[in-house]
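Coordinates in review
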Amino acid sequence: MTDEIPCVEYYHGVGIHDGQPRERIERKVKPALDFVFNLDDVPALLNYAGDVSKPPEARQLAGVKLLAMYHIAAEERRVRPDIDPDHVWALFAGLDSQAWRSRRRYCTLMDESPEAELREIPLSEH
């Protein structure tokens with residue numbers, strides 16, 4: 001059994017989590033993924049990955065992009081982005097985990113705050 005949140009579809013190669021209305025996926029999640037997909041600014045990606053008001057899928061994409069930029073620079077012996085990979089991992093840890101998924105908000109249990117968007121209908125316990 002896996003702890004990963006099931007995906008209802010993939011967009012730009014990123015899984016879109018279940019448990020959200022189609023209207024939210026089209027209005028918020030996909031535009032957020034478009035935005036992050038086209039973003040190359042390290043500080044902006046770092047801020048996005050840690051912003052609990054953004055869709056989890058887009059936050060995760062921002063974090064993965066940062067880690068990829070860091071590791072590609074290292075492999076090519078270029079100057080690495082000024083980030084701490086462990087900190088980046090921490091920013092999006094649990095965003096694809098059913099166990100850490102908030103039932104009331106679009107975030108992790110660790111991220112629950114008024115800034116995180118409320119779910120239209122809370123998720124049921126598994």
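Everything below is about the structure printed above this text.
As the structure is a prediction and not an experimental result, all values here were calculated from the model.

**Looking at the overall build of the protein**
A count of helices and strands for the protein gives 4 helices and 2 strands. Ordered by position in the sequence, the α and β elements of the protein form the string β-β-α-α-α-α. Rg of the C-alpha trace for the protein: 15 Å, near the compact-globule value of 14 Å for 126 residues, within the 12% margin. Expressed along its principal axes, the backbone C-alpha trace of the protein runs to roughly 50 × 30 × 25 Å. Partitioning the intrachain contacts of the protein with sequence separation of at least 6 by distance along the chain shows that 44% fall at a separation of at least 24. Surface summary for the protein: the accessible area is close to 7,300 Å², and the carbon and sulfur share equals 55%. Between the mean site of the 16 positive side-chain charges and the mean site of the 23 negative ones, the protein shows a separation of 2 Å.

**Notes on the side chain of Arg24**
Summarising the element assignment, Arg24 is placed in helix H1 (residues 22-37). In this structure the side chain of Arg24 is engaged in a polar contact, spanning 2.4 Å, whose partner is the side chain of Gln20.

**Considering the packing of H1 against helix H3 (residues 56-75)**
Two numbers describe a pair of packed helices, the interaxial angle and the distance between the axes. Between H1 and H3, whose axes approach to 8 Å, the crossing angle comes to 15 degrees. Relative to H3, the element H1 is oriented roughly parallel. In terms of crossing hand, the pair formed by H1 and H3 is right-handed. Each of Val29, Ala32, Leu33, Val36 and Phe37 in H1 lies in contact with H3, whose residues at this interface are Glu57, Ala58, Leu61, Ala62 and Lys65. Residues of the contact of H1 with H3, tallied by class, amount to 8 nonpolar, no polar and 2 charged.

Conventions and cut-offs
- Residues numbered from 1 in each chain as written.
- Predicted model: local features only at pLDDT ≥ 70, side-chain atom pairs only at ≥ 80, totals over all residues.
- Heavy atoms only, no water.
- Helix = DSSP H or I, 4+ residues; strand = E, 2+ residues; numbered from the N terminus.
- Rg over C-alpha atoms; globule rule 2.2 N^0.38 Å.
- Contact = heavy atoms within 4.5 Å.
- Areas by Shrake-Rupley, 256 points an atom, 1.4 Å probe, with all protein chains shown as cover.
- Lys, Arg positive; Asp, Glu negative; His and termini not counted.
- Charge placed at Lys NZ, Arg CZ, Asp CG, Glu CD.
- Polar contact = N/O pair within 3.5 Å; in protein donor to acceptor, adjacent residues only side chain to side chain.
- Axes fitted to C-alpha atoms, helices over the stretch in contact; angles between N-to-C directions.
- Parallel < 35°, antiparallel > 145°, perpendicular 65-115°, else oblique.
- Left-handed = near helix turned anticlockwise from the far one by under 90°.
- Nonpolar A, V, L, I, M, F, W, Y, C, P; charged D, E, K, R; others polar.

The values reported here are purely geometric and, on their own, carry no functional implication.
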